[in-house]
Amino acid sequence: QVQLVESGGGLVQPGGSLRLSCAASGSIFEIFVMGWFRQASGKQRELIAHITNDGVTMYAESVKGRFTISRDNDKNTVYLQMNRLKPEDTAVYYCNGVGSWSVGSWGQGTQVTVSS
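Bear in mind the structure is a predicted one, so any value in this text is a computation, not a measurement. (Residues numbered from 1 in each chain as written. Predicted model: local features only at pLDDT ≥ 70, side-chain atom pairs only at ≥ 80, totals over all residues. Heavy atoms only, no water.)

**Student:** Any chance you could break down the packing of aromatic side chains for me, citing the residues and the numbers?
**Tutor:** Overall, the coordinates contain three aromatic pairs when judged by the stated rule. Seen in terms of ring centroids, Phe37 and Trp106 are 5.0 Å apart; in terms of plane orientation they differ by 85°. Their pairing is edge-to-face. Residue Phe37 is found in strand β4 (residues 33-39), and its partner Trp106 is found in the loop between β9 (91-97) and β10 (110-114); the two are separated by 69 residues along the sequence. Look at Trp106 and you get partly exposed, because its relative accessible area is 36%. Judged by centre distance (5.9 Å) and plane angle (80°), the ring pair of Tyr94 and Trp106 falls under edge-to-face. (Phe/Tyr/Trp six-rings, centres within 6.5 Å; stacked < 30°, edge-to-face > 60°. Helix = DSSP H or I, 4+ residues; strand = E, 2+ residues; numbered from the N terminus. Buried < 20%, exposed > 50% of the residue type's maximum accessible area, 1.4 Å probe, protein only.)

Have a look at this one:
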């Protein structure tokens, strides 16, 4: 089973940027749709972006135009570039396959805190 490890989170001021990485222990080539999810305190986990193996992307309205998802199948890594961060982006961020492409287990996530 593929294990996922997220990294790159931290504390950033509003308007700042972060780049998250999701490293897989095995090949992600067969995981057709990979996504980034986030879970804010007291809220349910939500899908905010996904990317297919042929590069088709989708974004939630809340992050569209500010976040960019990408994947490098050779490095078994998925990225999330986050620009113009807002306090409401504060959450724990996770990656996983989407829907039936889920690897079944979740990583520990990476905390993103947007605050002045």
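**Student:** An account of the state of the cysteines is needed here, citing residue identities and associated values.
**Tutor:** Considering all chains together, one arrives at one disulfide under this definition. Note on cysteine connectivity: Cys22 is disulfide-linked to Cys95, with sulfurs 1.7 Å apart. Because the sign of the S-S torsion sets the handedness, a value of about 50° for the bond joining Cys22 and Cys95 places this disulfide among the right-handed ones. Residue Cys22 is located in strand β3 (residues 18-24), and its partner Cys95 is located in strand β9; the two are separated by 73 residues in the primary sequence. Overall, Cys95 belongs to the buried group, its relative accessible area being 0%. (Disulfide = S-S within 2.5 Å.)

**Student:** Describe the pattern of salt bridges, with residues and values.
**Tutor:** Summed over the entire model, instances satisfying the criterion amount to four salt bridges. Put simply, Glu46 and Arg38 hold a salt bridge, and the shortest N to O gap is 3.0 Å. Note on Arg38: relative accessible area 6%, which makes it buried. Of the charged contacts, one joins Arg38 and Asp89 as a salt bridge, the two residues approaching to 2.9 Å between their closest N and O atoms. (Salt bridge = Lys/Arg side-chain N within 4 Å of Asp/Glu carboxyl O.)

**Student:** Account for the sheet that holds β3, naming residues and giving values.
**Tutor:** Spatially, four strands are ordered β1-β3-β8-β7 in an open sheet, and the strand pairing comes out antiparallel. In the strand order of this sheet, the two ends are held by β1 (4-7) and β7 (67-72), each with one partner. Strand-to-strand, the axes of this sheet are offset by a mean angle of 15°, without reference to chain direction. (Pairing = 2+ DSSP bridges. Axes fitted to C-alpha atoms, helices over the stretch in contact; angles between N-to-C directions.)

**Student:** Which residues make up the sheet that holds β4, and what are the values?
**Tutor:** Taking strand neighbours across the sheet as the criterion, the six strands line up as β2-β10-β9-β4-β5-β6 in an open arrangement whose pairing is mixed. The two strands at the open ends of the sheet, each matched to only one other strand, are β2 (10-12) and β6 (57-59). With direction set aside, neighbouring strand axes in the sheet form an average angle of 20°. Sheet analysis places β4 next to strand β5 (residues 46-52), joined by six bridges and oriented antiparallel. Note that in β5 the partner of Gly35 across the bridge is His50.

**Student:** Would you mind going over the pairing of β5 in detail, with residue names and values included?
**Tutor:** The buried count for β5 comes to five of seven residues, which makes it a mostly enclosed element. Turn length for the β4-β5 hairpin, with the two strands adjacent in sequence and antiparallel, is six residues, and the turn residue Gly42 shows positive phi of about 80°. Where β5 and β6 come together, three bridges link them in antiparallel fashion. If you follow Ala49 over to β6, its bridge partner there is Tyr59. Hairpin remark: β5 followed by β6, antiparallel, with four residues in the connecting loop; positive phi at Gly55, about 90°.

All we've got here are geometric facts, nothing functional implied.
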